[in-house]
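# Residue-level structural notes
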Amino acid sequence: MRIGWQKLLLVLILLLFFTAFIHYDLGRFLTIAQLKIAKHELLDYYASHRVMTALLFVVTYIVLAALSVPGALSLTFAAGAIFGPLLGTVLASVGSALGATGAFLSARYLLGNSIQKRYAGKLEMINRGFRDEGAFYLVSLRLFAVIPYFVTNVVMGLTPIPTRTFLWATQLGMLPVIFLFTYTGTELSGIESVSDLFSPRLILSFIAMALLPIVAKKLIQWWKKHQGARKS
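Not measured: the values here are computed from a predicted model.

### Focus: the overall build of the protein chain
- Per the secondary structure count, the protein chain includes 9 helices and 0 strands.
- In the protein chain, the succession of α and β elements from N to C terminus is α-α-α-α-α-α-α-α-α.
- Within the span of the protein chain, comprising 232 residues, buried residues form 37% of the whole.
- In the protein chain, the proportion of contacts linking residues at least 24 apart, taken out of those at least 6 apart, comes to 78%.
- Summing over all exposed atoms, the protein chain offers an accessible surface of approximately 13900 Å²; the carbon and sulfur share of this is 72%.

So this is what it looks like as structure tokens:
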């Protein structure tokens, strides 16, 4: 199986990026502790450059999510701390969905097409299932987050699920999680002492995060039942 120079170039770029990320310990800038240190500077910059701050945030989120770099959680908290829960949710949702789609397309380009051609017969039944129920599976995986998001991006890239289906199902499935983390970020930005951890709003957001898998399970059961009723 021949590997084109375009694929080799993409692999080389990814390797160089991850090498630099590890060597220079860039992950230290993507922590909640670092967010709290820089929060005043970020808020000041946002007050003076609102559109630019939003664009830089979305682009950064897309790049990190596409490259599966740790730090998306901190960025989601940062969205709430800087932009507030509503705008922060919108920006983080767009960035995460587009970034995940970038990782999905990279996996499909590097491996997916080759695997589908090589094992077309063996994958026929699996492919049929993903064509019929791919959106349902993906929304379920995003809501429950049992499998890390970056793993889901890569695995889905090996299936025949359409790109637009992957994009909207990813955005829909991740939206409740992103909203909760963004909302929590609005509270984390104001934590200065241990007693601040027990603010009513922060406690409610943690309770909501704990209940999310239960609510998601009920919604998915309802969706599956509704889809079955439509087919019958």
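### A short note on helix α7 (residues 149-157)
- All buried positions along α7 are accounted for by Thr152, Asn153, Met156 and Gly157. Around the axis of α7, the buried residues are gathered within 130° of arc, so they sit on the same side.

### Thoughts on helix α3 (residues 50-66)
- Helix length check: α3 (17 residues) gives 24 Å between terminal C-alpha atoms against 24 Å at 1.5 Å per residue, within 8%.
- For α3, the set of buried residues is Thr53, Ala54, Phe57, Val58, Tyr61, Leu64 and Ala65. With its buried residues spanning 135° around the axis, α3 presents them on a single face. Facing away from the buried side of α3 by over 90 degrees, the exposed positions are Val51 and Leu55.
- Backbone geometry just downstream of α3 places serine 68 in the positive-phi region, at approximately 55°.

### Some thoughts on the packing of α3 against helix α4 (residues 72-83)
- Look at α3 against α4: their axes get within 10 Å of each other, and the N-to-C directions meet at 165°. In terms of axis orientation, α3 runs roughly antiparallel to α4. In the crossing of α3 with α4, the sense of the turn from one axis to the other is left-handed. Contacts between α3 and α4 involve Thr53, Ala54, Phe57, Thr60, Tyr61 and Leu64 from the former and Ala72, Leu75, Thr76, Ala79, Ile82 and Phe83 from the latter.

### A word on the side chain of arginine 108
- Inspection of the secondary structure puts arginine 108 in helix α5 (residues 85-118).
- When its relative accessible area of 15% is taken as the criterion, arginine 108 is described as buried.
- Here isoleucine 161 takes part through its backbone oxygen, which lies 2.7 Å from a polar atom of the side chain of arginine 108.

### Details of a nonpolar patch on the surface
- A cluster of nonpolar residues, Leu9, Leu12, Ile13 and Leu16, forms a patch on the protein surface that exposes about 380 Å² of accessible area.
- The class of leucine 16 is exposed, set by a relative accessible area of 54%.

### Regarding the packing of aromatic side chains
- Enumeration according to the criterion identifies 6 aromatic pairs in this entry.
- Between tyrosine 46 and phenylalanine 83, the ring centres sit 4.9 Å apart and the planes meet at 85°, which makes this aromatic pair edge-to-face. One end of the pair, tyrosine 46, is in helix α2 (residues 32-48); the other, phenylalanine 83, is in helix α4, and 37 residues separate them in sequence. Of the two residues, tyrosine 46 and phenylalanine 83, both sit in the buried class.
- Centroid distance phenylalanine 77 to phenylalanine 181: 5.6 Å. Interplanar angle 75°. Geometry classified as edge-to-face. Taken as a pair, phenylalanine 77 in helix α4 and phenylalanine 181 in helix α8 (residues 163-188) lie far apart in primary sequence, 104 residues in all.

Definitions and cut-offs
Residues numbered from 1 in each chain as written. Predicted model: local features only at pLDDT ≥ 70, side-chain atom pairs only at ≥ 80, totals over all residues. Heavy atoms only, no water. Helix = DSSP H or I, 4+ residues; strand = E, 2+ residues; numbered from the N terminus. Buried < 20%, exposed > 50% of the residue type's maximum accessible area, 1.4 Å probe, protein only. Contact = heavy atoms within 4.5 Å. Areas by Shrake-Rupley, 256 points an atom, 1.4 Å probe, with all protein chains shown as cover. Arc of directions from axis to C-beta. Expected span 1.5 Å × (residues − 1). Axes fitted to C-alpha atoms, helices over the stretch in contact; angles between N-to-C directions. Parallel < 35°, antiparallel > 145°, perpendicular 65-115°, else oblique. Left-handed = near helix turned anticlockwise from the far one by under 90°. Polar contact = N/O pair within 3.5 Å; in protein donor to acceptor, adjacent residues only side chain to side chain. Patch = residues over 30% accessible without salt bridge, like charges linked within 9 Å, V, L, I, M, F, W, Y side chains within 5 Å. Salt bridge = Lys/Arg side-chain N within 4 Å of Asp/Glu carboxyl O. Phe/Tyr/Trp six-rings, centres within 6.5 Å; stacked < 30°, edge-to-face > 60°.

Scope: geometric values only; no functional claims are made or implied.
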